[in-house]
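Residue-level listing of the chains:
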Amino acid sequence: MWWDERVSARFRRNLQPTLTYWSVFFSFGLCIAFLGPTLLDLRCQTQSSLSQITWVFFSQQFCLLLGSCLGGVFKRTLAQSLLALFASSLAISLVFAIIPLCHNVVVLAVVMAVAGLAMGCIDTISNMQLVKIYQKDSAIFLQALHFFVGFGALLSPLIADPFLSDTNCILANGTANASSNLPHIRKSLLPHHPGNLSHYDLPMKGMVVTRVSYAFWIMALINLPVPIAVFFLLYKERMVPCFNGSSHPLLSADELALETRPGDKDELSAAGQRPQVAAGHEDLFSCCQSKNFRGASYTYFAVHVTGALVLFMTDGIVGEYSGFVYSYAVEEPLSVVHKVAGYLPSLFWGFITLGRLISIPVSYRMKPATMVFINVVGVLITFLLLLIFSSSVVFLFVGTASLGLFLSSTFPSMLAYTEDILQYKGCATTVLVTGAGIGEMVLQLLVGSIIHDRGSYSFLVCGMIFGCLAFTFYALLVFFHRMYPKPSPELDEASPDKAAAPEDTGQYQR
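So, how was this worked out
Residues numbered from 1 in each chain as written. Predicted model: local features only at pLDDT ≥ 70, side-chain atom pairs only at ≥ 80, totals over all residues. Heavy atoms only, no water. Patch = residues over 30% accessible without salt bridge, like charges linked within 9 Å, V, L, I, M, F, W, Y side chains within 5 Å. Areas by Shrake-Rupley, 256 points an atom, 1.4 Å probe, with all protein chains shown as cover. Salt bridge = Lys/Arg side-chain N within 4 Å of Asp/Glu carboxyl O. Helix = DSSP H or I, 4+ residues; strand = E, 2+ residues; numbered from the N terminus. Buried < 20%, exposed > 50% of the residue type's maximum accessible area, 1.4 Å probe, protein only. pLDDT = per-residue confidence, 0-100. Contact = heavy atoms within 4.5 Å. Polar contact = N/O pair within 3.5 Å; in protein donor to acceptor, adjacent residues only side chain to side chain. Expected span 1.5 Å × (residues − 1). Arc of directions from axis to C-beta. Phe/Tyr/Trp six-rings, centres within 6.5 Å; stacked < 30°, edge-to-face > 60°.

Q: Could you give an account of a nonpolar patch on the surface, with specific residues and numbers?
A: Taken together, the side chains of Leu-221, Leu-224, Ile-228, Phe-231, Phe-232 and Tyr-235 define a hydrophobic patch exposed on the protein surface, amounting to about 600 Å² of accessible area. Of the residues forming the nonpolar patch, the biggest block, four residues, is contributed by helix H11 (residues 225–236). Its location among the elements puts Ile-228 in helix H11. Judged by relative accessible area, which is 43%, Ile-228 ranks as partly exposed.

Q: Give me the confidence of the model for the protein chain: which residues, what numbers.
A: For the protein chain, per-residue confidence averages 74 on the pLDDT scale, and residues scoring 70 or more make up 70% of the total. Considering each helix and strand of the protein chain separately, the mean pLDDT is smallest for helix H9 (residues 182–187), with a value of 38, and largest for helix H20 (residues 393–407), with 93. The low-confidence segment residues 245–281, where pLDDT is below 50, has 55 contacts with residues more than four positions distant or belonging to other chains. When the criterion is pLDDT under 50, residues 489–510 qualifies, and its contacts beyond four places in sequence or with other chains add up to 63 contacts.

Q: Break down the side chain of Asn-223 for me, with residues and values.
A: Within the element layout of this structure, Asn-223 appears in helix H10 (residues 212–223). Separated by 2.7 Å, the side chains of Asn-223 and Ser-93 make a polar contact. Ignoring any residue separated from it by four or fewer positions in sequence, one finds Asn-223 in contact with Ser-27, Leu-30, Ser-89, Ile-92 and Ser-93.

Q: Lay out H11 in plain terms, naming residues and giving numbers.
A: In a regular helix each residue adds 1.5 Å, so 12 residues correspond to 16 Å; H11 covers 16 Å between its end C-alpha atoms and thus fits that length. Here H11 has its buried residues at Val-226, Pro-227, Val-230, Leu-233 and Leu-234. Looking down the long axis of H11, one finds its buried residues gathered within 115 degrees of arc, a one-sided arrangement. Lining the buried residues of H11 we find helix H2 (15–32), helix H5 (78–98) and H10. Taken from the residues just after H11, Arg-238 is the one with a positive phi, measuring 55 degrees.

Q: Now, about the packing of aromatic side chains: what can you tell me, with residues and values included?
A: What the rule picks out here adds up to 19 aromatic pairs. Plain terms: the ring middles of Phe-373 and Phe-471 are 6.5 Å apart, the flat faces sit at 50 degrees to each other, and that makes the pair tilted. Within this pair, whereas Phe-373 is found in helix H19 (residues 368–388), its partner Phe-471 is found in helix H23 (residues 458–483), the two being separated by 98 residues in sequence. Aromatic side chains Phe-373 and Tyr-474 sit 6.3 Å apart centroid to centroid with 40 degrees between the ring planes, which places their arrangement in the tilted category. Within this pair, whereas Phe-373 is found in helix H19, its partner Tyr-474 is found in helix H23, the two being separated by 101 residues in sequence. Classification of Phe-373 by relative accessible area gives partly exposed; the value is 39%. Using a relative accessible area of 7% as the deciding quantity, one classes Tyr-474 as buried. One aromatic cluster is present, formed by Tyr-321, Tyr-328, Phe-348, Trp-349, Phe-383 and Phe-459 through successive ring pairs.

This is the structure in structure tokens:
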């Protein structure tokens, strides 16, 4: 249906760059999901409280936003883009290698800020380059890009799981001197599972016996082929700085002629839309210019704001749930064994990945507004059931899978719905991307502080509140959609404008 011979031929011609961008986004996913299950061990390593370690989440998400803006600086030429991707993917491997050496929470936050900058650059540049290569055919390749994010996010908790501590991972000095044998030390820790690890006062002095360092070093090695792949692409395009050679376009002259042959009107239409594609990925400051607001009705602004608020809540839920479900599970009343609880983030990201695959064929038969409605209602019902069965470990796993499935397609569906309302004018993509990123950053910090002050049960209460707010903002968006001026027949006939929607949906990924 969407994979014809023409698209297949284009994919074969651009096989190496496409696989390279997909692999770079695997690095993005690998780096985004490891903090949750390793939270206890990183607290032990830095000897910090839950509220202090929460700032590590904040620093990563804040710098991810900055990195997304910084990535736009390097998108002007292919050489700059590939060099930035090489530096970013290499930085992620270095970050994984350095994390075990960070014994201070401030140093860890700085290192994770560097990772956030690298992730932001990867997010912007990879999406932009795939759009440039495939133009109006980019939708399926961007969906595959989203899959690799989910795959990386699924893999990193699985790598960390064998090295997570079963109990408190700091040993007081008096006991530490008794033996240097690690298995004996681990058995001499707290004999019973601590009831509330987020409130548990870790010793400020003692021997750290966590083995999570091995997990980070393994992830560093797994990620190392990614910058090597980017380097090979740089070398193939003769863009390695130490070699002299002119920059090559994304398509050769023969391929470009084939893509724009006179008999193919669709390809000519796509070529005519290239300036619009570039304009659709402007930064937030360019979108806020006064010329974009002239003659706009209040519903124009309301659609932008309510759409951004829905993603502020839903992407915020993705961030806070993946970050703190492990800490919630190991505390009372559930008291799940640490290694079992370590599967929860993997389960969550696994069903996000599965949902993204399922949403590809479903989106061809279901309107985006209907998909968003099912998503927000599903999130709300899931949190309600999690609250009702809060003492059930089995339902925690079921609810985690259900939540990941409902949240998986919320962003692209909301983006398609909002852009369709606005007839692909305005700055819906930029505003929604910014709102989603801020939500993921702010809600992680907020929930971490609330859990520290109010206890683990507040984790589900916060999720329920965020789900209610997401549904409320969606209802307001539907209301403003009905109030928004109907498009003129001339705009309805402008089908090339509608072709830009799949390209915009690939700008942002959770």
